[in-house]
Amino acid sequence: KQWYQRRVREEQVREEALRTVGEIAAMISQEMFKIVIQCAVGGKIMARKEIKQYKTDVTSRLYGGDISRKKKVLENRRIAMKSLQARSKVNIPRGVFRRF
């Protein structure tokens, strides 16, 4: 987790949170797993943006045949993606927080 903080007037918190989260999301590249960016004020989430993962078609070679083969491939893929997300890190460009 990386933290960034700044002072904003109380009336402008929501708009500033949405703008900041949108700009950060635009700078971060898409990965093989979902990335969530949130802006919180006092423990309350003010804005949230998800960067979707790359999708790969692992069942394209499984046409016809038994449905259990397809289920087995999808289950193995789900387990692999879960472990990938647990051990991976997101590279955030250096200039992301200097722009604000």
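Our subject is the structure listed above.
What comes next concerns the included structure.

Reading guide: rules and limits
Residues numbered from 1 in each chain as written. Predicted model: local features only at pLDDT ≥ 70, side-chain atom pairs only at ≥ 80, totals over all residues. Heavy atoms only, no water. Helix = DSSP H or I, 4+ residues; strand = E, 2+ residues; numbered from the N terminus. Expected span 1.5 Å × (residues − 1). Buried < 20%, exposed > 50% of the residue type's maximum accessible area, 1.4 Å probe, protein only. Arc of directions from axis to C-beta. Core = buried A, V, L, I, M, F, W, Y, C linked by side-chain atoms within 4.5 Å. Contact = heavy atoms within 4.5 Å. Pairing = 2+ DSSP bridges. Salt bridge = Lys/Arg side-chain N within 4 Å of Asp/Glu carboxyl O.

What follows concerns helix H1 (residues 13-27). Because each turn of an α-helix spans 3.6 residues, side chains separated by three or four positions in sequence point in the same direction. Between its terminal C-alpha atoms H1 stretches 21 Å, which fits the 21 Å expected from 15 residues at 1.5 Å a residue. Taken together, the buried positions of H1 are occupied by Val13, Glu16, Ala17, Thr20, Val21, Ile24 and Ala25. The buried residues of H1 occupy an angular sector of 160° when the element is viewed end-on, so they sit on one face.

The next thing to look at is the nonpolar core. The biggest cluster of nonpolar side chains holds 13 residues, and the ones touching the most others in it are Ile24, Ile28, Ile35, Ile37 and Ile51. By residue number, the principal contributor to this core is H1, which donates five residues. Those residues within four positions of Ile37 in sequence are excluded, and the remaining contacts are Val21, Ile24, Ala25, Ile28, Ala47, Arg48, Lys49 and Ile51.

Looking now at the pairing of strand S1 (residues 35-41). In the case of a regular strand, side chains alternate between the two sheet surfaces. Strand direction decides the pairing type here: S1 and strand S2 (residues 44-51), joined by seven bridges, are antiparallel. Note that in S2 the partner of Cys39 across the bridge is Ala47. With antiparallel pairing between neighbouring strands as the criterion, S1 and S2 make up a hairpin whose turn holds two residues, including Gly42 at a positive phi of roughly 60°.

A pair can form between side chains of opposite charge whenever their charged atoms are brought close. In total, this model carries four salt bridges according to the counting rule given. Linking Glu16 and Arg19 is a salt bridge whose minimum nitrogen-to-oxygen distance equals 2.4 Å. With Glu16 and Arg19 both in helix H1 and three residues apart, the pair spans about one turn of that helix. When its relative accessible area of 17% is taken as the criterion, Glu16 is described as buried. Linked by salt bridges that have partners in common, Glu16, Arg19 and Glu23 make up one network.

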